[in-house]
Amino acid sequence: MFKPTLPYIIAGPCAAESEEQVLATAQGIAQCQAHYPNYTYIYRAGIWKPRSSPNTFQGIGAEGLTWLQQVQQTYHLPVATEVATPEQVKQATEAGIDYLWIGARTSANPIAVQAIADAVDGTKIKGVMVKNPVNEDAALWLGNIARLEQAGVAVMAIHRGCNHRPCWAMAYQLLQARPDIPILIDPSHLSGKASAIAQLCTQANRLGYSGWMVETHIAPQEALSDAQQQITPEELEGLVNRGVGESVNRGSEELDWQRAMIDEVDDDLWQHLAKRMEISKRIGAWKKERQIPALQPFRYQEILEKRIAWGSEHGLDKETVEQIMEAIHKQSVRIQS
Ligand code: PEP
Ligand code: MN
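Treat the numbers as computed from the prediction; the structure is a model and nothing was measured.

A. Spotlight on the coordination of the manganese ion (ligand 2). On the protein side, the manganese ion (ligand 2) has Cys14 (SG), His189 (NE2), Glu215 (OE) and Asp226 (OD) as donor atoms, found 2.1 to 2.4 Å from it. We note that the donor set of the manganese ion (ligand 2) lies within a single chain, spaced as C-x174-H-x25-E-x10-D. With Cys14 in the loop between β1 (8-12) and α1 (19-35) and His189 in helix α8 (residues 187-191), this pair connects stretches of sequence that are 175 residues apart. The exposure classification of Cys14 matches that of His189, with both residues buried.

B. Region of interest: the side chain of Gln72. Within the element layout of this structure, Gln72 appears in helix α2 (residues 63-75). There is a polar contact of 2.8 Å between the side chain of Gln72 and the side chain of Asp98. When near neighbours in sequence (up to four residues on either side) are disregarded, Gln72 contacts Leu77, Val79, Gly96, Ile97 and Asp98.

C. Looking closely at the state of the cysteines. All chains considered together, the criterion is met by zero disulfides. Here Cys162 stays free of any disulfide, with the sulfur of Cys167 as its closest cysteine sulfur at 3.6 Å. On the accessibility criterion, Cys167 (1% relative accessible area) is buried.

D. Fine view of the pattern of salt bridges. Inspection of every chain in the model, using the stated rule, returns 14 salt bridges. In this structure, Glu149 and Arg178 form a salt bridge, with 2.7 Å as the shortest nitrogen-oxygen distance. Within this pair, whereas Glu149 is found in helix α6 (residues 138-150), its partner Arg178 is found in the loop between α7 (168-177) and β7 (183-185), the two being separated by 29 residues in sequence. The buried category is assigned to Arg178, whose relative accessible area is 16%. Ionic pairing is found between Arg290 and Glu289, a salt bridge with its closest N-O pair at 3.4 Å. A relative accessible area of 65% means that Glu289 is categorised as exposed. A single salt-bridge network, built from bridges that share partners, covers Glu136, Arg165, Glu264 and Asp268.

E. Molecular detail of the nonpolar core. Grouped together as the largest cluster of nonpolar side chains are 71 residues, with contacts concentrated most on Tyr43 and Leu148. If you look at the next biggest cluster of nonpolar residues, it comprises 13 residues, including Ile42, Ala80, Ala154 and Ile158.

F. Just the site of ligand 1, in detail. Around ligand 1, the surrounding shell consists of Cys14, Arg44, Lys49, Glu82, Trp101, Gly103, Ala104, Arg105, Lys131, Arg160, His189 and Glu215. In this structure, an oxygen atom belonging to ligand 1 sits 2.8 Å away from a side-chain N or O atom of Lys131. In this structure, an oxygen atom belonging to ligand 1 sits 3.4 Å away from a side-chain N or O atom of His189. For ligand 1, the protein covers 97% of the area, taking 290 Å² as the surface of the free molecule. Split by residue class, the shell around ligand 1 holds three nonpolar, two polar and seven charged.

Conventions used here
- Residues numbered from 1 in each chain as written.
- Chains lettered and ligands numbered in written order.
- Predicted model: local features only at pLDDT ≥ 70, side-chain atom pairs only at ≥ 80, totals over all residues.
- Heavy atoms only, no water.
- Donors = N, O, S within 2.8 Å, 3.2 Å for Na, K, Ca; no water.
- Helix = DSSP H or I, 4+ residues; strand = E, 2+ residues; numbered from the N terminus.
- Buried < 20%, exposed > 50% of the residue type's maximum accessible area, 1.4 Å probe, protein only.
- Polar contact = N/O pair within 3.5 Å; in protein donor to acceptor, adjacent residues only side chain to side chain.
- Contact = heavy atoms within 4.5 Å.
- Disulfide = S-S within 2.5 Å.
- Salt bridge = Lys/Arg side-chain N within 4 Å of Asp/Glu carboxyl O.
- Core = buried A, V, L, I, M, F, W, Y, C linked by side-chain atoms within 4.5 Å.
- Near = heavy atom within 4 Å.
- Areas by Shrake-Rupley, 256 points an atom, 1.4 Å probe, with all protein chains shown as cover.
- Nonpolar A, V, L, I, M, F, W, Y, C, P; charged D, E, K, R; others polar.

Structural data, given as structure tokens:
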């Protein structure tokens, strides 16, 4: 069973690329474990990679299983790999892989998840990590977890966001519904940027997460997949050194959660504002070509009235809506003039 109060560190490359790369990365992680033993370490490496394009590295395939066995034998680290089909479950379990994870793309498809659950049923697998689906859908994520549990396996949740948006509200829902299972952050896939990993790990600690799944590669710049979002084992050790609490702190993080959600809404708001101004710029150019004035009062009146009506349905008073619309419109006219 996975314990939500234990801090977990799941680390290893996005993909197993060669025997040397797998073992050298494992050596670095084993060293981190030797220096900071109070965590539960699991070595991760994808061997069947669900890539967007068929013209990129698709993973080394079953050959990588033997490299993971060497990690078990040489460094005594339990190992995990991603599975997307019952056939992959069969190969991985027959090779003695300790843990499996279900990736975000597979997690979006409950039929695929059920097939995996049926395939792990009755095997010796120690647990399955379930990533959130690529779409923001807490109910589907929870449903996937239930499918695996009904197959009798231990489950933990991995929060990896959607399209490089954290979707904190989805993770919050998961945590509220399932405080009994660990939820880990995957800052690599969540942000897509190695530079964002440290801050996200710190934030996850404050939010009561049970640890991290961090893509760790001996030479991140040379990685065949996800090169931008991996860190070295030494960098991982640096994070462990100043980051993870040795026990998971749950129960006092409500304000931090609400703030994480509000910051995300603000990010969305500002991004939408910038997008709106881009469109406005194009409209400005169109009007200029036709010598139409930037300001057209009837159009402004129309959108203002629409928003005032919307605001009254959503608890925003008329004055607030007018002030916000006026500020946006002013900037828009300035861009067009
Ligand atoms: C991975 O962990 O390598 C992976 C493919 O992740 P995700 O499913 O979150 O994209
Ligand atoms: Mn990856």
